[in-house]
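What the coordinates show
Given next are the chains, with one letter for each unit.
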Amino acid sequence: MASNSTKSFLADAGYGEQELDANSALMELDKGLRSGKLGEQCEAVVRFPRLFQKYPFPILINSAFLKLADVFRVGHLTSARVIPERKNAHHSIRQSLDSHDNVEVEAAVFAAANFSAQSKDFAVGICNKISEMIQGLATPVDLKLKLIPILQHMHHDAILASSARQLLQQLVTSYPSTKMVIVSLHTFTLLAASSLVDTPKQIQLLLQYLKNDPRKAVKRLAIQDLKLLANKTPHTWSRENIQALCECALQTPYDSLKLGMLSVLSTLSGTIAIKHYFSIASGNVGSSPRSSDLVRLAQECCYHNNRGIAAHGVRVLTNITVSCQEKDLSALEQDAVFGLESLLVLCSQDDSPGAQATLKIALNCMVKLAKGRPHLSQSVVETLLTQLHSAQDAARILMCHCLAAIAMQLPVLGDGMLGDLMELYKVIGRSATDKQQELLVSLATVIFVASQKALSAEVKAVIKQQLESVSNGWTVYRIARQASRMGNHDMARELYQSLLTQVASEHFYFWLNSLKEFSHAEQCLTGLQEENYSSALSCIAESLKFYHKGIASLTAASTPLNPLSFQCEFVKLRIDLLQAFSQLICTCNSLKTSPPPAIATTIAMTLGNDLQRCGRISNQMKQSMEEFRSLASRYGDLYQASFDADSATLRNVELQQQSCLLISHAIEALILDPESASFQESGSTGAAHADSEYERRMMSVYNRVLEEVDSLNRKYTPVSYMHTACLCNAIISLLKVPLSFQRYFFQKLQSTSIKLALSPSPRNPAEPIAVQNNQQLALKVEGVVQHGSKPGLFRKIQSVCLNVSSTLQSKSGQDYKIPIDNMTNEMEQRVEPHNDYFSTQFLLNFAILGTHNITVESSVKDANGIVWKTGPRTTIFVKSLEDPYSQQIRLQQQQAQQPLQQQQQRNAYSRF
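Residues numbered from 1 in each chain as written. Predicted model: local features only at pLDDT ≥ 70, side-chain atom pairs only at ≥ 80, totals over all residues. Heavy atoms only, no water.

Re the state of the cysteines
For the record, the criterion: Disulfide: a pair of cysteine sulfur atoms within 2.5 Å of each other. Buried, partly exposed and exposed residues are distinguished by accessible area as a fraction of the type maximum, computed with a 1.4 Å probe on protein chains only: under 20%, between the cut-offs, and over 50%, respectively.
In this structure the tally under the stated criterion is zero disulfides. Left without a disulfide partner, Cys 248 is nearest to the cysteine sulfur of Cys 246, which lies 9.4 Å away. Summary of cysteine pairing: Cys 726 is not part of a disulfide, and the nearest cysteine sulfur, belonging to Cys 728, is at 9.4 Å. Given a relative accessible area of 5%, Cys 726 falls into the buried group.

As structure tokens, this is what we get:
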């Protein structure tokens, strides 16, 4: 019987098949807590986190914690709730600081630190108390060391921060013991970093201790805090600060301290601080980079026997070389290249974690150097390719990533890499270790990038031959995914095909089958040729056939937990775009197959529309232009709905949108309205720096099409065969660039969702909420922002925009009239989430009797001010009822009218 009751409350709480609302689930868990059996109690306790995940709303969580606290209270445990602005809690903490119980004092110190971080009122009130205790002779030193860190939270206003800083200055001077100095200095730094007012003074103080204090522990703390300030506020570092740090690094005999100082300098060298250091000071001659202490220090450290010191030295040289573009730094360039080569040789033979971390620094510097100084890229690539053959597998993987990044930035280097890469791919080991699998993927990626366009038959044969001996299907899938991203669809199709029989799940099978069909569809477009329009139509038709097969498989692969909404919408848009391209080519061909009738000119003169002399093609062109504008708008909606997408995926969607706008603009400029069409609206933006080969080729097509449209615009009377040929060639040029399926199509690195709760809410979603028509409904909207494993990886939510609207679904049957102030409700509010929770209220008016549909839709604004339509969209129903007083007056009026109507009827009968 007991086991049955256990199963019942767990199932009803939402952990079995039965699903209940939040309150019912909480009540059932409460039954488990109050069970007489300890096992059932424990099981109920561990089920609470799942309840919080499913219903993450403060009201329910507070209720649940009260129930849990009651259980723990009975078990003689304590539970505390932190409410930042609760005055009685503030008073309790102040009293507990004076307690004679050490445990209570420690708890009060912990609570004081947390309250100070959250509440300005508490920080202001407790600051004097903390100061008295720290300065008091009766306070033990151990307690002082615990109280001092509370001062880091005294940054809520300038006066409070200033008083805390003065106290810390006294402590550093009055208590010279190592522990006290370390705690005080670190608190000092955290306070300065938060208040931002006294950061330059704090940098000077830390440099002073680093230079003059003989204790290594204090020096290490000073370096640690300088690194923190270098990361957070590099713009506050003066030239003198950097010079002082360089002098300390040059003079210290200890490698550990030199490593820390160089770490600070390498951080600063990648920021605006390096510009300050080499800038011309007022009244002084600007220092030459070659003669500065910073460069001398970096050159000394480049070949240091400590790998970390050498890495930071090379990083400083690289950053100086890249940042100071206006100066002649050929000697420094060579130093940087030689230093990187020596580090590469040293670290690529060692697979220890320390060597790999150093190698990452060196490879990042290589990418930066190749990008900032392109004339050095060839020697960098040659060094990498030479070392790739003898390196350890872990190092090879990192080096492949570096080669891919360089080839993406400088495609001209790709052909030179390909031979060495293929030789390495042939001789690579065939073991099934994780490193070997990762290396296969990394090498294949570099080969795809280096190949730029289509893979040769020889390259494909080598890759497939190696993969046949690899039993890991995941490796094959990752390589196929990279092929899809790089536009090598023929290779991707063969790899997806080989994986179809290696998955156990039906959804995985449909997912792989859809990818195979999409790759086949894109492969059909590789046969397009300019000026051959009939062939283009057949290629597009063949591609559409496979796309329709693929979208059917993709729909079958989706599940309620993984609906694949982005993928489905992206493919649907691609299908509609191909159909629009096909329709436009047919429209252009109709100028030949169905020329304008003989009376077309007369009709045009009669209607006053000169374009009508072209016949029906003018209306078809107008429809095509509207279709492409509609597609551009839909791509814009997809962009706005993809809050969690990476930047490359968003750029890909943006390029598809620009393709639609380009064709729409070309139709308008060539045919519909040559006089007023503007070329600036569709002009290429960001063409100077493209991050991928796909973007580079697309931008090249855009520029070429715009030039052709510009050359034809206003020179020939529309519609001529030159105009239609220009449009058809533009379509073929766009389709000849292989489509890139970017990361977000396959992988979601950031996950953000919003869960809304409305109150009042009906027990049954289909039932309406009753409200009187002379009253306003106070609708409370609560929400929780839920994150995946990497919150804020690409962008963070700054505020949530809530839009509430209501529409009348059905009117009541009464025929009387009610005065109406507002026919509908349309409101919008912005709220900023606090600890991922937000709430607000709306007052809604329902003067019209009947059933109303209330829709609450949320969108978010990120830190850059961009609005994203993330959803969700929630709907409830409200039934507006007539208030009793108005109903009573109406009934009295009806009753008063009835005798009068009867009298009028009798008078009418008496006449007859």
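Once the structure has been displayed, the description carries forward.
Things to note about empty space enclosed by the protein
This is how it is decided: Throughout, the protein atoms alone are placed on a 1 Å grid, and a set of points is a cavity if a 1.4 Å probe fits but cannot get out or a pocket if it is open with protein on both sides within 12 Å along at least five of seven lines; lining residues have an atom within 4 Å of a point. Grid points are joined across faces, edges and corners, and a volume is the space filled by probe spheres set on the points. Only DSSP runs of H or I reaching four residues or more are called helices, and only runs of E reaching two or more are called strands; each is numbered from the N terminus. Put simply, Ala, Val, Leu, Ile, Met, Phe, Trp, Tyr, Cys and Pro go in the nonpolar bin, Asp, Glu, Lys and Arg in the charged bin, and everything else, Gly too, in the polar bin.
As enumerated under the stated definition, the model contains three cavities of 30 Å³ or more in all. Space inside the largest cavity adds up to approximately 60 Å³. For the largest cavity, the full set of lining residues is Arg 574, Leu 577, Phe 581, Gln 656, Ser 659, Tyr 694, Met 698, Leu 734, Leu 735, Val 737 and Leu 739. Going through the elements one at a time, helix 29 (565-593), helix 32 (647-672), helix 33 (693-712) and helix 34 (721-736) are the ones with two or more residues in the lining of the largest cavity. At three residues, the largest contribution of residues to the lining of the largest cavity is made by helix 29. Broken down by class, the residue content of the lining of the largest cavity amounts to eight nonpolar, two polar and one charged. By volume, the second largest cavity amounts to about 40 Å³.

Things to note about the sheet that holds strand 1 (residues 752-759)
Put simply, the rule reads: Two strands pair under a simple rule: DSSP has to find at least two bridges between them. For every element, the axis is a line fit to its C-alpha atoms; helices are fit only across the contacting stretch, and the angle between N-to-C directions ranges from 0 to 180 degrees.
Read across the open sheet, the three strands follow the order 1-3-6; overall the sheet is antiparallel. Taken across any chain shown, the strands that pair with only one partner, and hence form the sheet edges, are strand 1 and strand 6 (837-845). Adjacent strand axes in the sheet meet at a mean angle of 25° when their direction is disregarded. Note: strand 3 (residues 776-787) against strand 6, nine bridges, orientation antiparallel. Each residue of the ladder has a partner; that of Leu 779, found in strand 6, is Phe 842.

A word on unusual backbone geometry
The linkage connecting Ser 759 with the following residue, Pro 760, adopts the cis geometry, with an omega of 0°. Assignment of secondary structure puts Pro 760 in the loop between strand 1 and strand 2 (769-772). A cis amide bond, omega 5°, links Gly 871 with the succeeding residue Pro 872. Checked against the element boundaries, Pro 872 lands in the loop between strand 8 (867-868) and strand 9 (873-881). Its identity is not glycine, yet Glu 531 carries a phi of approximately 75°, on the positive side. One can find Glu 531 in the loop between helix 27 (506-524) and helix 28 (533-557). Even without a glycine there, the phi angle at Leu 564 is positive, about 55°. When its relative accessible area of 8% is taken as the criterion, Leu 564 is described as buried.

What to know about helix 16 (residues 293-301)
An α-helix turns once per 3.6 residues; consequently, residues spaced three or four apart project the same way. We count it as follows: We call two residues contacting when some pair of their heavy atoms lies within 4.5 Å.
For helix 16, the set of buried residues is Asp 293, Leu 294, Val 295, Leu 297, Ala 298 and Cys 301. The secondary structure elements touched by the buried residues of helix 16 are helix 13 (239-251), helix 14 (255-269), helix 15 (273-278), helix 17 (307-323) and helix 18 (330-348).

Concerning the side chain of Asp 490
By the secondary structure assignment, Asp 490 is in helix 26 (residues 489-499). Its relative accessible area of 18% is what places Asp 490 among the buried residues. Those residues in contact with Asp 490, other than ones at most four positions away along the chain, are Lys 460 and Gln 523.

Quick notes on the side chain of Glu 522
Going by this rule: Side-chain atoms alone can form a polar contact between residues adjacent in sequence; in general such a contact is a pair of N or O atoms within 3.5 Å, and within protein one must be able to donate a hydrogen while the other accepts it.
Within the secondary structure, Glu 522 sits in helix 27. Of note is the side chain of Glu 522, whose polar atom sits 3.0 Å from the side chain of Arg 574. Not counting residues up to four positions away in its chain, the partners in contact with Glu 522 are His 489, Ser 543, Tyr 547, Arg 574, Leu 739 and Phe 741.

Thoughts on the pairing of strand 9
When strand 2 meets strand 9, the two strands line up parallel, connected through four bridges. Opposite Ala 770, over in strand 9, you have Lys 879 as the bridge partner. Alignment of strand 7 (residues 850-862) against strand 9, held across eight bridges, turns out to be antiparallel. Across the sheet, His 852 pairs through a bridge with Val 878, a residue of strand 9.

Looking at the packing of aromatic side chains
The relative placement of two aromatic rings is captured by the distance of their centres and the angle of their planes. Applicable threshold: A pair of aromatic rings is counted whenever rings of Phe, Tyr or Trp (Trp by its six-membered ring) have centres within 6.5 Å, and the orientation is called stacked for planes under 30 degrees apart, edge-to-face for over 60 and tilted otherwise.
Summed over the entire model, instances satisfying the criterion amount to 19 aromatic pairs. A ring pair is formed by Phe 643 and Trp 868, whose centres lie 5.8 Å apart and whose planes are at 80°; its orientation type is edge-to-face. Taken together, the residues Phe 643 in the loop between helix 31 (617-641) and helix 32 and Trp 868 in strand 8 connect sequence positions 225 residues apart. Exposure class is identical for Phe 643 and Trp 868. Each is buried. Ring centres 5.5 Å apart and planes at 70° place the aromatic pair Phe 745 and Phe 746 in the edge-to-face group. What makes Phe 745 buried here is its relative accessible area of 2%. Feature note: the residues Trp 511, Phe 518, Tyr 547, Phe 566, Phe 570, Phe 741, Tyr 744, Phe 745 and Phe 746 constitute an aromatic cluster, connected by ring pairs.

Some details on the packing of helix 10 (residues 178-195) against helix 11 (residues 199-212)
Spelled out, the test is: Should an angle fall under 35 degrees it is called roughly parallel, over 145 degrees roughly antiparallel, and 65 to 115 degrees roughly perpendicular, with every other angle called oblique. Working rule for handedness: look at the near helix, and if it is turned counterclockwise from the far one by less than a right angle, call the crossing left-handed; if clockwise, right-handed.
With their axes 9 Å apart at the nearest point, helix 10 and helix 11 run at an angle of 155° to one another. When the axis of helix 10 is compared with that of helix 11, the two are roughly antiparallel. The interaxial crossing formed by helix 10 with helix 11 has left-handed handedness. On helix 11, the residues that touch Val 181, Leu 185, Phe 188, Thr 189 and Ala 192 of helix 10 are Thr 199, Gln 202, Leu 205, Leu 206 and Tyr 209. Looking at the contact of helix 10 with helix 11 residue by residue, the class counts come to seven nonpolar, three polar and no charged.

Focus: the environment of Ser 618
By the element assignment, Ser 618 lies in helix 31. Classification of Ser 618 by relative accessible area gives buried; the value is 4%.

Describing a negative patch on the surface
This is how the line gets drawn: Like-charged residues are merged into a patch within 9 Å and nonpolar side chains (Val, Leu, Ile, Met, Phe, Trp, Tyr) within 5 Å, provided each residue has over 30% relative accessible area and no salt bridge. Each accessible area is a Shrake-Rupley estimate made with a 1.4 Å probe; only the visible protein chains count as cover when residues are assessed. Here, a salt bridge means any Lys or Arg side-chain nitrogen found within 4 Å of an Asp or Glu carboxyl oxygen. A residue counts as positive if it is Lys or Arg and as negative if it is Asp or Glu; His and the chain ends are not included. Charged groups are reduced to one reference atom each: NZ for lysine, CZ for arginine, CG for aspartic acid, CD for glutamic acid.
Where like charges cluster on the molecular surface, the negative patch consists of Glu 530, Glu 531, Glu 707, Glu 708 and Asp 710. Considering the arrangement of structural elements, one finds Glu 708 in helix 33.

Some words on the environment of Ala 107
For Ala 107, the location among the structural elements is in helix 6 (residues 102-118). Sequence separation between Ala 107 and Ser 96 is 11 residues; the distance between their C-alpha atoms is 8.3 Å.

Some thoughts on the pattern of salt bridges
What the rule picks out here adds up to 24 salt bridges. Here Lys 146 and Glu 106 are joined by a salt bridge, their closest N and O atoms 2.8 Å apart. Residue Lys 146 is located in helix 8 (residues 141-147), and its partner Glu 106 is located in helix 6; the two are separated by 40 residues in the primary sequence. Salt-bridge contacts for Glu 300 lead to Arg 296; the nearest nitrogen and oxygen are separated by 3.9 Å. With Glu 300 and Arg 296 both in helix 16 and four residues apart, this pair spans about one turn of that helix. Using a relative accessible area of 46% as the deciding quantity, one classes Glu 300 as partly exposed. Taking relative accessible area as the criterion, Arg 296 reaches 41% and is therefore assigned partly exposed.

Remember, this is a structural readout, not a statement about activity or role.
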